[in-house]
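A structural walkthrough
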Amino acid sequence: MAVRERGKGMSDRYAIGIDLGTSTSEVCIIREGHDPYVVPEPISRSPVVPSIVALDKKNRLLVGCMARDYVDMPGRGVREAKRQMGRDDLLRLGDKEFRPPEIAAHILLHLKEMASDHLGEDVTDVVITVPANFDELQRKATSEAAKIAGLNVLRWVNEPTAAALAFGASDAEAEGQILVFDFGGGTLDITILEMMEGVLDVVATYGDTQLGGKDFDLAMMGLILERFQEKNTTATLPMGGLEDASSDLARALKSAAETAKVDLSTEQTTSVLVQNFAVDGGVPIDLDLEITREDFEVSLSHLLEQTRQCINDTLNAKKVRPSSIDQVLLVGGTTYVPSVRRLVAEVLPVEPAASVNPDLAVSIGAAVRAAIVLDMSDVRVVDVASHGFGVDLIGSVGSQMMLVYEQLIAPNTAVPYSVEREFSLLTPDQRQLEINLFQSHDGTARFPHEAKQIATTLITDIPPALYGEPHPMMVEFSYSIDGVINLRAHIPGIQKSCELKVSAHEGSMSESELAKASERVLSAWKENPKSVRYEALVARAEGVMEQANDSDKERISAACADLKISLSEANDEQIDTHGDVLTDLLFDLDK
């Protein structure tokens, strides 16, 4: 626990929670006796931090809002690294390639620095959120990102559980059954919880790790392109213009689609303009369209149906009737889409709670979870296993003996949990036993190929069994509140056993691989001095100045000049002072 001495021997305790999101991320601090505070980015003054990493023209690393101008340049930026977590993909930044956990580590380092600057000391102990339906490989990759960033993760907490904790912290008197609908940029998580006397009991959780706001952006891009082609039947796009996602044309269409999606959350129609989008008869033409909310909602029909199915699957997991839901919490940016809110209202006729900001709820809940770990909060939570786990064995299917999946824990079972099961070897002279652990997303797997193998272990040199009867075998399985799985298989009487441990805290990378990854990430980070953020601020200010009136232009110019002098003199104190002046000025002008 991080403690800083203050005043007359009094200590200032705090808890830190991080929401590492697909599109945006946040870091929240709870000081003992105070309300949660989500730390804003120094430049944007916004607590909602874009989950993007990029290199500027000098090949210096930029994270968050500073990376916006470069992230979509070919080979210079990475978006949505969270969607690649748990895969073997390599993501390019300049002339280097990084694994997804390394990109995520840059974002975590940025959030860590924000919290450290706010508190005035280096922080390491945090709680980090993950989508409830992240599998073990995805959780391990997130753990690797935290270790690379030098963070000590006190607990992992599922995102919808965190959102419910934020709600519980803001309304401690609330009771009843709560459904958290967490629809972010990259994932959809739905969790049902029961809240009573300050205890949150997770009933069921379900979702889709490949369904999010970015899929809505793709639907909008497809709609815009379809409407353009209907209107301009003889127009042609530049060769390969949209095939390369990093091309200028693709980036312009993507940006226009994202803006249109946001506009249609509050308006019935929106204009979409992309200059020099195509060529007709040798003449460049613009993409200039009106898109209606109704058109957009038709293009979303398949995504909305997936969303409806996720809600139904969550309710059916524990046979919960919609009428028994007392509160609905909407979390994540995609919940601002009117058709999504309407869908939720159709299935769950309950007015959504508005006591917690949908964009900040998960990070606040993560900080509440950290406060619970550090004995700074009276709220308690009982969580569940989001997936099922089991082993493979030979069993009868009809009249045939074949390899089947034997479940040891079902999804949505309250944790901690343990079970002991008795099996038997196949033959009296079996010399070796292989134990394979599998993970099932929804608990419906009947055969190993319908689940995902995540670990294996062996018992070797088994002596022949006496009396012609195969050796009996015991399997002990446990699942802790931290998501740590322990499995032990032993053959009674002959002192033969094997064990395996699966923990998201451990990750898949070896210590040497983690050390090398940390060195690569920290090396890039050290080449990113604090002054870089202010150079980006100056560039932004000079862009604003071009459109400003004479009075504002003079104020911006003077503030830029002061900051440039401080940067040239490498005076950190003056850099921060003049940087704050320019940041506040731009903030006021934006308003």
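What comes next is a walk through the structure. (Residues numbered from 1 in each chain as written. Predicted model: local features only at pLDDT ≥ 70, side-chain atom pairs only at ≥ 80, totals over all residues. Heavy atoms only, no water.)

**So, the nonpolar core**
- Judged by nonpolar contacts, the single largest core of 48 residues is most densely connected at Phe181, Met220, Ile224, Leu287 and Leu348.
- If one sorts the elements of this core by residue count, helix H4 (residues 213–231) sits on top with seven residues.
- Here Leu287 is in contact with Ile224, Phe228, Leu253, Val272, Leu273, Val274 and Phe277, once residues within four sequence places are set aside.
- Formed by 47 residues, the second largest nonpolar core is a distinct cluster that contains Val27, Val78, Ala104 and Val153. (Core = buried A, V, L, I, M, F, W, Y, C linked by side-chain atoms within 4.5 Å. Buried < 20%, exposed > 50% of the residue type's maximum accessible area, 1.4 Å probe, protein only. Helix = DSSP H or I, 4+ residues; strand = E, 2+ residues; numbered from the N terminus. Contact = heavy atoms within 4.5 Å.)

**Some remarks on the environment of Val484**
- Summarising the element assignment, Val484 is placed in the loop between strand E25 (472–479) and strand E26 (485–491).
- Each C-alpha atom, one on Val484 and one on Met195, is 25 Å from the other, the two residues being 289 residues apart in sequence.

**Observations concerning the packing of aromatic side chains**
- On inspection of all chains with the given rule, the structure shows four aromatic pairs.
- Seen from their ring centres, Phe183 and Phe216 are 5.6 Å apart, and the 85° between their planes marks the pair as edge-to-face. A residue pair is termed long-range when its members are at least 10 positions apart, and Phe183 in strand E13 (residues 176–183) and Phe216 in helix H4 qualify at 33 residues.
- Taken together, the aromatic side chains of Phe181, Phe183 and Phe216 make up a single cluster linked through ring pairs. (Phe/Tyr/Trp six-rings, centres within 6.5 Å; stacked < 30°, edge-to-face > 60°.)

**Comments concerning the layout of surface pockets**
- Put simply, the largest pocket is a space of about 1000 Å³.
- Every residue lining the largest pocket is counted, 41 residues in all, and those nearest its centre are Ser23, Thr24, Val48, Lys214 and Gly333.
- Every element with two or more residues in the lining of the largest pocket is listed here: strand E3 (24–31), H4 and helix H5 (248–263).
- Sort the elements by how many residues they give to the lining of the largest pocket and H5 lands first, with five residues. (1 Å grid on protein atoms, 1.4 Å probe; cavity = no way out; pocket = protein on both sides within 12 Å on 5 of 7 lines; lining within 4 Å. Points joined across faces, edges and corners; volume = space filled by probe spheres on them.)

**Quick look at the packing of helix H1 (residues 100–119) against helix H2 (residues 136–148)**
- One can describe the packing of H1 onto H2 by two numbers: an axis separation of 8 Å at closest approach and a directional angle of 50°. Taken together, the axes of H1 and H2 lie oblique to each other. Note on packing geometry: the crossing formed by H1 with H2 is right-handed. The segment H1 lies against H2, with Pro101, Glu102, Ala104, Ala105 and Leu108 engaging Ala141, Glu144, Ala145, Ala146 and Ile148.
- Looking at the contact of H1 with H2, its residues break down into eight nonpolar, no polar and two charged. (Axes fitted to C-alpha atoms, helices over the stretch in contact; angles between N-to-C directions. Parallel < 35°, antiparallel > 145°, perpendicular 65-115°, else oblique. Left-handed = near helix turned anticlockwise from the far one by under 90°. Nonpolar A, V, L, I, M, F, W, Y, C, P; charged D, E, K, R; others polar.)

**A few points about the pairing of E13**
- Extensive coverage of E13 is indicated by the burial of seven of its eight residues.
- As paired elements, E13 and strand E14 (residues 188–196) share eight bridges and run antiparallel to each other. Counted as the bridge partner of Phe181 is Ile190 from E14.
- If you look at the hairpin formed by E13 and E14, you'll find four residues sitting between the two strands.
- Summarising the sheet, E13 and strand E18 (residues 327–331) pair through five bridges and their orientation is parallel. Bridge pairing links Ile178 to Gln327 in E18. (Pairing = 2+ DSSP bridges.)

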